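Structural characterization, general
Residues per chain, in single letters:
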Amino acid sequence: MGGPPYDCMANPLGAVRLTFEKAIGSGTHPSAYDGKDWGALDLFRHFLFQESGLSQVPILNPKTMRWIQPYSLVRYRGMIQDMLGNEFYVGAFKDGNLWRTNKFMDVSQYPMGSAPDMCVWERRLLYCVPVPGQSSWTQPSCEMGPYRGMDWSSQNREKRRRMDEEAEPMDLLPDDDNTSCPITKKMRENGFPSLSPESRDSKTASSSSCMSTFQYVDKDNLPCLVKIYDSPESELKLNDVFEFIGVLTFDSELAVEKDDNDELSTSFFDDELVHLPSNKVPRLHCLIHRKLAVHDFLQGSPIMEPKPHLVKEIREALYRHLTAVLGNDGVAAHFMLLHLLSKVHARVDDVAVGKLSLNLTGLSKESVSVFGTRLYQAFKNLLPFTHYIPLTLEYLNTASLAPKKDYQANRLIPGVLQLPEGSHLMVDETQLESGSLSSNGIENTKLLKNLMEFQKVEYDFQYYKMEMAADVQLLIFSEGKSNIIPADVVVPFQPSSLESSEIPVAEAPEAWRWYLATVRSLPHSIGSEMQKVVEDDLVEARQADRSLGSLDFSRWLTMARLVSASFGETCLSLEHWQMVKELERLRRERVKSPGSEIRVLA
């Protein structure tokens, strides 16, 4: 009486059915809703974003699977690892005088007759995985625990039972009286799976959680088959990171034997699903999806305007932290800060504008074990997605870096370099020893070089290869300048101390994460006066050193943008341009004087 006759959290399908019946009751034929919403999504948007219901929706992962109820509203955060094509399903059917819908469900049921009234619709299948290299701090800090979740679930199961009794036409499946009707049969009799009322009741009542069905869940990794409705293909791309909010479903009987002669049955259930059994890969029928940025992973950080004075304070603290981690090497810390702020913000022909890969030289296996480990831990605490590659000869010869298409399984087999935008990749070349590269090793070397130079990865589709754009920050440790992965900036590493005495306060990492996520996306411009200054300086530099070329000048302009952004500024100032020139002078001095490199051994 005081609220709607459904529960968006515990019984989202009830809301779907009610809005469908309301739309059909207005005189609209179901065929008009092929690829369109009939009002259900507006209802969920209102609940999630205007009534602040989003924070109540549990995130699907191996921990929450212990208590999340099937057919409830959940959200899943992950990367689109593969696109499995489209699937046909019976979206609406006529049961007597009533139109019913199977939208947002795995199982379908409709009355069988010589020519049943039904509408066949289409949905997209996306295979999603937890974001590769995701740092622990990006996970929600306070998840609903098992006890609270069980209370919530049992409470709503009772509420749902009462609501279903009051609203029989909205039932997902026919009641006992209707099951005896000759025109109502389980779809399994015609090659389609269906839940009988008894099986559904027993599953809902006896299953305290999805874990009883998802018995093979990896405690560290939970993939998800997401079914997308009514969305343009351009909205969801391979390797994008999304949050999908929808109905969690499963059916242990989903993989049914198909009659090879049943053309309709074969067209409805794609072969891909055979390789993704529902007791290993949960299904999520997506109601609402949104692409995630780094800001969406920040826990408890207020949304602040990047005002220069605030940004400058955070910058100085982060710079001190990086300097301490790098053994008091201030020059390396400055370049490391710019490296962490870099991103591809434009592409001109084959040039990825904005990238700034970094090669720290003068390192050995022993010193990497100290500073490399320290840096990797610092990055895990600062960045959302981090990766580490020990570049040994064996690794190059055996690793699968590029994704490959398996046409037999009709699946894209992931590779190490299938990474989302904003990932950081650390490569340790100090472990590389002399030896022979196999054909796979040569191919992997080429893949790393192309990623570094063009920010692209070649995907292997057996009969052809396709380049996919990437945006990955690369950091290389090596003894001398890397020839395998030529970086944009080479900085001889000169630490003066092995110790890292700086211990940041507890709140500092949150501020640093906000800083790195915010200022790297600031716009940038160069005023007409500064443009003249920059042009004159580039001409003068070229006259003084003929070895300087367009790549060097392009790097300087990228550094100018990053230095400005690091201070929260959107327009290049003379002070910051002078800083760029000074950093470059100090770096070139080190490069020209390799004897001055100080190698620190653990």
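Located above this text is the structure these notes cover.
Being a predicted model, the structure only gives us computed values, none of them experimental. Counting restarts for each chain, with residues numbered from 1 along the sequence as it is written. In keeping with the model being predicted, local features are shown solely for residues with a pLDDT of at least 70 and side-chain atom pairs are shown and tallied solely at 80 or more, while totals for entire chains, interfaces and linings include all residues. With hydrogens and water set aside, each side-chain value is computed from the structure's full complement of heavy atoms.

Side note on the pairing of strand β6 (residues 283-291)
- Partly exposed describes any residue whose relative accessible area lies between the buried limit of under 20% and the exposed limit of over 50%, with all areas from a 1.4 Å probe on protein chains only and scaled to the type maximum. Secondary structure elements are defined from DSSP: runs of H or I of at least 4 residues count as helices, runs of E of at least 2 residues count as strands, and each element is numbered from the N terminus. The element β6 is largely enclosed, with a buried count of seven among its nine residues.
- At least two DSSP bridges between two strands are required for those strands to pair. Here three bridges tie strand β4 (residues 224-228) to β6, and the two strands are oriented parallel to one another. Of the residues in β6, the one forming a bridge with Val 226 is Leu 284.
- Where strand β5 (residues 241-249) meets β6, eight bridges bridge the pair, whose relative direction is antiparallel. Bridge pairing in β6 links Leu 248 to Leu 284.

Digging into the sheet that holds strand β9 (residues 358-361)
- Taken together, the five strands give an open sheet; going across it, the order is β10-β13-β16-β9-β17, and neighbouring strands pair in parallel fashion. Two strands lie at the open edges of the sheet, namely β10 (386-390) and β17 (489-492), each paired on one side alone. Neighbour to neighbour, the strand axes of the sheet diverge by 20° on average, direction disregarded.
- Of the strand pairs in this sheet, strand β13 (residues 423-428) and strand β16 (residues 472-477) are connected by six bridges, and their pairing is parallel. Each residue of the ladder has a partner; that of Leu 425, found in β16, is Leu 474.
- Running over the sheet, helix α8 (residues 330-341) touches β9, β13, β16 and β17 and is turned about 150° from β16. What counts as an axis is a line fitted to C-alpha atoms, over the stretch in contact for a helix, and the angles between N-to-C directions run from 0 to 180 degrees. Residue contacts are counted whenever heavy atoms from the two residues lie within 4.5 Å of one another.

Remarks on the environment of Phe 379
- Locating Phe 379 in the fold gives a position in helix α9 (residues 365-382).
- Owing to a relative accessible area of 1%, Phe 379 belongs among the buried residues under this scheme.
- The spatial distance from the C-alpha of Phe 379 to the C-alpha of His 424 is 8.5 Å, given a sequence separation of 45 residues.
- Residues within four places of Phe 379 in sequence aside, it is in contact with Met 336, Leu 340, Thr 386, His 424, Met 426 and Leu 475.

Notes on the pattern of salt bridges
- The working definition used for a salt bridge is a side-chain nitrogen of Lys or Arg within 4 Å of a carboxyl oxygen of Asp or Glu. A full pass over the atoms with the stated rule returns 27 salt bridges.
- The shortest N-O distance in the salt bridge between Arg 411 and Asp 82 comes to 3.3 Å. Of the two residues, Arg 411 is situated in strand β12 (residues 411-413) and Asp 82 in strand β1 (residues 73-95); the sequence distance between them amounts to 329 residues. Judged on exposure class, the residue Arg 411 and its partner Asp 82 are both buried.

Focus on the packing of aromatic side chains
- Only Phe, Tyr and Trp rings are paired, with Trp represented by its six-membered ring, and only when their centres lie within 6.5 Å; those with planes under 30 degrees apart are stacked, over 60 edge-to-face, the remainder tilted. Tallying each qualifying case throughout the model produces 13 aromatic pairs.
- On the numbers, 5.5 Å between centres and 45° between planes, the contact of Tyr 407 with Tyr 463 is tilted. Pair noted here: Tyr 407 is in the loop between β11 (404-406) and β12 and Tyr 463 is in the loop between β14 (456-460) and β15 (465-469), with a separation of 56 residues, a long-range link.
- When its relative accessible area of 68% is taken as the criterion, Tyr 463 is described as exposed.
- Look at Phe 461 and Tyr 464: their rings are 5.2 Å apart centre to centre, the planes differ by 5°, and that puts the pair in the stacked class.
- What links up through ring pairs into an aromatic cluster is the set Phe 20, Tyr 33, Trp 38, Tyr 89, Phe 104, Trp 121 and Tyr 229.

Observations concerning helix α1 (residues 12-25)
- A helix's residues, less one, multiplied by 1.5 Å, set its expected span. The terminal C-alpha atoms of α1 lie 20 Å apart, and with 14 residues this matches the ideal 20 Å at 1.5 Å per residue to within 8%.
- Buried residues dominate α1, accounting for ten of its 14 residues.
- Three or more residues of α1 are buried, namely Pro 12, Leu 13, Gly 14, Ala 15, Val 16, Arg 17, Thr 19, Phe 20, Ala 23 and Ile 24.

Quick look at the packing of helix α7 (residues 308-325) against helix α12 (residues 508-519)
- The N-to-C vectors of α7 and α12 enclose an angle of 115°; their axes lie 10 Å apart at closest approach. Taken together, the axes of α7 and α12 lie roughly perpendicular to each other. The element α7 and its partner α12 pack so that their crossing is left-handed. Of the residues in α12, those in contact with Leu 310, Val 311, Ile 314, Arg 315, Ala 317, Leu 318 and His 321 of α7 are Ala 511, Trp 512, Trp 514, Tyr 515, Leu 516 and Val 519. Orientation labels follow simple angle bins: below 35 degrees gives roughly parallel, above 145 gives roughly antiparallel, 65 to 115 gives roughly perpendicular, and whatever is left gives oblique. Crossings are assigned a handedness: left-handed for a near helix turned anticlockwise from the far helix by less than a right angle, right-handed for a clockwise turn.

Things to note about the side chain of Lys 405
- Tracing the sequence through the fold places Lys 405 in strand β11.
- Just so you know, the count uses Lys and Arg for positive and Asp and Glu for negative, and it drops His and the chain ends. Asp 82 provides the closest opposite charge to the buried, salt-bridge-free Lys 405, at an N-O distance of 4.8 Å.
- Here Asn 410 takes part through its side chain, which lies 3.3 Å from a polar atom of the side chain of Lys 405.
- Non-local contacts of Lys 405, meaning those with residues more than four positions away in its chain, are made with Asn 410, Arg 411, Leu 412, Asp 460, Phe 461 and Gln 462. For this analysis, a polar contact is any N or O atom pair within 3.5 Å, provided that within protein one partner can donate a hydrogen and the other can accept it, and provided that sequence-adjacent residues contribute only side-chain to side-chain pairs.

What to know about the pairing of β4
- β4 sits mainly inside the fold: five of its five residues count as buried.
- Here β4 shows no split at all, with Cys 224, Val 226 and Ile 228 on one side and Leu 225 and Lys 227 on the other all buried.

Honestly, that's just the spatial picture; any functional story needs more than this.
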